Amino acid sequence: GALVYQYPRRTICKSGTSMRMECQAVGFQATSVAWYRQSPQKTFELIALSTVNSAIKYEQNFTQEKFPISHPNLSFSSMTVLNAYLEDRGLYLCGARESSDYTFGSGTRLLVI
Amino acid sequence: GDSVTQKEGLVTLTEGLPVMLNCTYQTIYSNAFLFWYVHYLNESPRLLLKSSTDNKRTEHQGFHATLHKSSSSFHLQKSSAQLSDSALYYCAPERSNYQLIWGSGTKLIIKP
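Only a predicted model underlies this, so the values are computations on that prediction, with no experimental measurement involved. (Residues numbered from 1 in each chain as written. Chains lettered and ligands numbered in written order. Predicted model: local features only at pLDDT ≥ 70, side-chain atom pairs only at ≥ 80, totals over all residues. Heavy atoms only, no water.)

A.B. asks: What exactly am I supposed to notice about the sheet that holds strand β3 (residues 19-21) of chain B here?
C.D. replies: Within a beta sheet, neighbouring strands are joined by backbone hydrogen bonds and run either parallel or antiparallel to one another. Residue and element names in this part refer to chain B. Across the sheet, 4 strands lie side by side as β3-β9-β8-β7; this open sheet has antiparallel pairing. In this open sheet, the two strands that pair with only one neighbour each are β3 and β7 (57-60). Within the sheet, the average angular offset between the axes of one strand and its neighbour, ignoring direction, is 20°. Where β3 lies against strand β9 (residues 76-78), 3 bridges are found, and the strand directions are antiparallel. The residue of β9 that forms the bridge with M20 is Q77. (Pairing = 2+ DSSP bridges. Helix = DSSP H or I, 4+ residues; strand = E, 2+ residues; numbered from the N terminus. Axes fitted to C-alpha atoms, helices over the stretch in contact; angles between N-to-C directions.)

Written out as C-alpha cells, the structure reads:
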C-alpha cells in the first residue's frame, strides 16, 4: 500500500535557528507533495504545493525564503523552516499523491525555545 | 473564497449512540471532491470517506456521508459509536489543483 514516512517526528530548535523535515513516499510515485502547518489551536494550513516538473506554489503568508522546499524525485520531498521563531511552532504535515488521493505522513512537531 | 465549517469542536457521546459530525462548505468548484479524514493522536491523518456525487451516500468502515450540493453539506454519520472511534475528524473540500482545505476539525470522544 501507499505510505508516507515523515521525519523527524518531533524536534526542538532554538529561536533563530533552522530545521529541516523530510518525507519519503513508499509504494507510489509522489507526483505532488503538499506541506501543511497546524499551529496550536488551529487547523491545517497549506504552506505550498510542489508538483514534479512544475514550479512550487506557495500560499499567501508563506514564502520560499522562509520555507524552502525540495522535491527532487518522485519519492522524496523536504522542507526547511528557516530562522524559526515562536510563531513557527506546530505540527508540520506532508501529503503526497500520485493521481488521486493524498497519503499523509504522521507529521513533524516543531517546538521553538 | 473557498472555505469549510465544522461547527462542533468537540462531540462527546456514549458508546452505542449515533454519531453525526457536521460539515458545510462555501464556494468550491462544481465537481470538487469532499473528504473526511480521521486523525488519531501520533498517527497520520487517514482518508475515511470521499465523494463528488450529489445526493449519493458513500460508506466506509461503518461511517457514511452524503454530499448535498443544494445545502453545501457533507455530514459524517455512524449509526452506533464505538470506543475506537474517538479521534479528530476533519472535513476537507478540494480546491482546484488538488489542494485540500482543512476544516477546523471535530474532536470525537466516545465514553463507555
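A.B. asks: Which parts of the structure should I look at to understand the pattern of salt bridges?
C.D. replies: In a structure, side chains of opposite charge can pair up when their charged atoms sit close to one another. Evaluated as defined, the whole model comprises 8 salt bridges over all chains. Taking the shortest distance from any N to any O, the salt bridge between A:R20 and A:E22 comes out at 2.8 Å. Overall, the relative accessible area of 44% leaves A:R20 in the partly exposed class. The residue B:R95 makes a salt bridge to A:E59 at a minimum N-O spacing of 2.9 Å. In this pair, B:R95 sits in strand β10 (residues 87-95) while A:E59 sits in the loop between β6 (57-58) and β7 (69-73), so the two residues belong to two different chains. Exposure remark for B:R95: the relative accessible area of 25% places this residue in the partly exposed category. (Salt bridge = Lys/Arg side-chain N within 4 Å of Asp/Glu carboxyl O. Buried < 20%, exposed > 50% of the residue type's maximum accessible area, 1.4 Å probe, protein only.)

A.B. asks: Teacher, can you tell me more about the interface of chain B and chain A here?
C.D. replies: How large an interface is tends to be reported as the accessible area lost when its parts come together. Contact with chain B, which involves 18 residues of that partner, is made by 18 residues of chain A. The largest per-residue losses of area from chain B upon contact with chain A belong to B:Y98, B:Q99 and B:W102, which jointly make up 33% of the total buried on that side. Taken together, the links from chain B to chain A amount to 2 salt bridges. Linking A:D101 and B:K50 is a salt bridge whose minimum nitrogen-to-oxygen distance equals 2.8 Å. (Contact = heavy atoms within 4.5 Å. Buried area = accessible area lost by both parts, 1.4 Å probe.)

A.B. asks: Just checking my understanding: could you explain the sheet that holds β7(A) for this structure?
C.D. replies: All names here are of chain A. Taken together, 4 strands build an open sheet; the order of strands is β1-β3-β8-β7 and the sheet is antiparallel. This sheet does not close on itself; its edge strands, each paired only once, are β1 (3-7) and β7. The mean inter-strand angle of the sheet, taken between neighbouring strand axes irrespective of direction, is 15°. Taken together, the 6 bridges between strand β3 (residues 19-26) and strand β8 (residues 76-81) define a ladder with antiparallel strand orientation. Paired with Q24 across the two strands is F76, which belongs to β8.

A.B. asks: Explain the state of the cysteines here, please?
C.D. replies: Two cysteines whose sulfur atoms are joined by a covalent bond form what is called a disulfide. Counted by the stated rule, this structure contains 2 disulfides over all chains. Two residues share a disulfide in this structure: A:C23 and A:C94, whose sulfurs sit 1.7 Å from each other. Measuring handedness by torsion sign, the sulfur bridge of A:C23 and A:C94 sits at about -100° and is left-handed. On the criterion of sequence distance, the pair formed by A:C23 in strand β3 and A:C94 in strand β9 (residues 90-97) is long-range, its members being 71 residues apart. A:C94 shares its class with A:C23; the two are buried. Each sulfur in the disulfide pair B:C23 and B:C91 lies 1.9 Å from the other. Residues B:C23 and B:C91 share a disulfide whose torsion about the S-S bond is about -60°; that sign makes it left-handed. Of this pair, B:C23 sits in the loop between β3 and β4 (24-26) while B:C91 sits in strand β10, placing them 68 residues apart in sequence. Of the two residues, B:C23 and B:C91, both sit in the buried class. Summary of cysteine pairing: A:C13 is not part of a disulfide, and the nearest cysteine sulfur, belonging to A:C23, is at 17 Å. Classification of A:C13 by relative accessible area gives buried; the value is 6%. (Disulfide = S-S within 2.5 Å.)

A.B. asks: Please explain the layout of surface pockets as it appears in this structure.
C.D. replies: Over the atoms, a rolling probe the size of a water molecule traces out where space has been left empty. Each pocket or cavity is described by its volume, and for the largest pocket that value is around 660 Å³. Taken together, 29 residues form the lining of the largest pocket, with A:Q38, A:R109, B:L41, B:L88 and B:Y90 sitting closest to its centre. Those elements giving two or more residues to the lining of the largest pocket turn out to be β9 of chain A together with β10 and β12 (106-111) of chain B. For the lining of the largest pocket, the element with the highest residue contribution is β12(B), accounting for 4 residues. Tallied by class, the residues present in the lining of the largest pocket amount to 9 nonpolar, 14 polar and 6 charged. (1 Å grid on protein atoms, 1.4 Å probe; cavity = no way out; pocket = protein on both sides within 12 Å on 5 of 7 lines; lining within 4 Å. Points joined across faces, edges and corners; volume = space filled by probe spheres on them. Nonpolar A, V, L, I, M, F, W, Y, C, P; charged D, E, K, R; others polar.)

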